[in-house]
Amino acid sequence: MAIKKVIENPAKVLSTPCAEVTEINDGIIALLDDLYDTMVEYDGVGIAAPQIDVGLRVAIVELGEERDILEMINPTVIETDGAEIDIEGCLSFPGLYGEVERPNYVKIEACDREGRVYELEAGGFDARAILHEIDHLDGVLFDSKIKRIITAEELEELYAEEEE
């Protein structure tokens, strides 16, 4: 397990679709652990392999208030529904925040570290985080989806309002 350097935009690895994982081995397990350590170090809620310069379809997301860790190997989106605009940021775009429209429901299929295939349904913020990370695996960056950039002052005001 190790903390890796987060790759910042622009970088070719961020805009290149990732390769499927063909075998879950010790290297993939180590990658999942490195993603977790790096996400925690950089205070993220999700991170994908290309963000640490690995072009494989592997990502993790913290889900819910319990902050359970969702490990996704070769995730695919089965279904989405609804639409919601909310503020997003990205570890690969430090200081950039914007309003992004995404489905507010997602159903995915992926593998876990034991190679078991699972399906998962998520809504709201969890759906947003999952879809953001799957976009990374497809070479799609959140800055291309921003409807309106949020300034640092606006972000501070929003955080202050939430604390009240």
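Residues numbered from 1 in each chain as written. Predicted model: local features only at pLDDT ≥ 70, side-chain atom pairs only at ≥ 80, totals over all residues. Heavy atoms only, no water.

Attention now goes to the overall build of the chain. A tally of regular secondary structure across the chain gives three helices and eight strands. For the chain, the N- to C-terminal ordering of α and β elements is α-β-β-β-β-β-β-β-α-β-α. The C-alpha radius of gyration computed for the chain amounts to 15 Å, which stays within 12% of the reference 15 Å derived for 164 residues, consistent with globular compactness. When its C-alpha atoms are laid out on the principal axes, the chain stretches across 45 × 30 × 30 Å. Counting every position in the chain, which comprises 164 residues, the buried fraction comes to 42%. (Helix = DSSP H or I, 4+ residues; strand = E, 2+ residues; numbered from the N terminus. Rg over C-alpha atoms; globule rule 2.2 N^0.38 Å. Buried < 20%, exposed > 50% of the residue type's maximum accessible area, 1.4 Å probe, protein only.)

Let's shift gears to the pairing of strand 5 (residues 97-102). Along strand 5, the buried face is formed by G98, V100 and R102; none of Y97, E99 and E101, which line the opposite face, is buried. Sheet topology note: the strand 4 (residues 84-88)/strand 5 ladder contains five bridges and is antiparallel. Bridge pairing in strand 5 places I87 opposite E99. Across four bridges, the pairing between strand 5 and strand 8 (residues 146-150) is antiparallel. Note on strand 8: the bridge partner recorded for E99 is R148. (Pairing = 2+ DSSP bridges.)

Another point: the UniProt feature "active site" (unreviewed entry) in the chain. UniProt tags E133 as "active site" (unreviewed entry). Once residues lying within four places of it in the same chain are set aside, the contact partners of E133 are G46, I47, A48, Q51, A59, I60, V61 and M72. (UniProt positions renumbered as here; feature names shortened; annotations may be inferred. Contact = heavy atoms within 4.5 Å.)

Across all of its chains, the model carries zero disulfides by this definition. C90 forms no disulfide, and the closest cysteine sulfur to it belongs to C18, at a distance of 13 Å. Of the cysteine sulfurs around C111, a residue in no disulfide, the closest is that of C18, at 16 Å. Judged by relative accessible area, which is 16%, C111 ranks as buried. (Disulfide = S-S within 2.5 Å.)

This paragraph deals with the environment of R67. The residue R67 is located in the loop between strand 2 (58-63) and strand 3 (68-81) in this model. Placed 22 residues apart in sequence, R67 and V45 show a C-alpha to C-alpha distance of 8.6 Å. There is a polar contact of 2.7 Å between the side chain of R67 and the side chain of E62. (Polar contact = N/O pair within 3.5 Å; in protein donor to acceptor, adjacent residues only side chain to side chain.)

A word on the UniProt feature "binding site: Fe cation" (unreviewed entry) in the chain. In this structure's numbering, the residues bearing the UniProt feature "binding site: Fe cation" (unreviewed entry) are C90, H132 and H136. With the annotated positions falling across 47 residues, the maximum pairwise C-alpha distance of 10.3 Å places them together in a single cluster. Here, the largest pocket is lined by C90 and H132 out of the annotated residues. The residue H132 is located in helix 2 (residues 124-137) in this model. With residues near it in sequence (within four places) discarded, H132 still touches E88, G89, C90, R102 and F142. A distance of 2.8 Å separates the side chain of H132 from the side chain of E88, its partner in a polar contact. Note on placement: H136 falls in helix 2. (1 Å grid on protein atoms, 1.4 Å probe; cavity = no way out; pocket = protein on both sides within 12 Å on 5 of 7 lines; lining within 4 Å.)

This structure, assessed with the given rule, holds one aromatic pair. With a centroid separation of 5.4 Å and an interplanar angle of 75°, the aromatic rings of F93 and F142 are classed as edge-to-face. Residue F93 is located in the loop between strand 4 and strand 5, and its partner F142 is located in the loop between helix 2 and strand 8; the two are separated by 49 residues in the primary sequence. What makes F142 buried here is its relative accessible area of 2%. (Phe/Tyr/Trp six-rings, centres within 6.5 Å; stacked < 30°, edge-to-face > 60°.)

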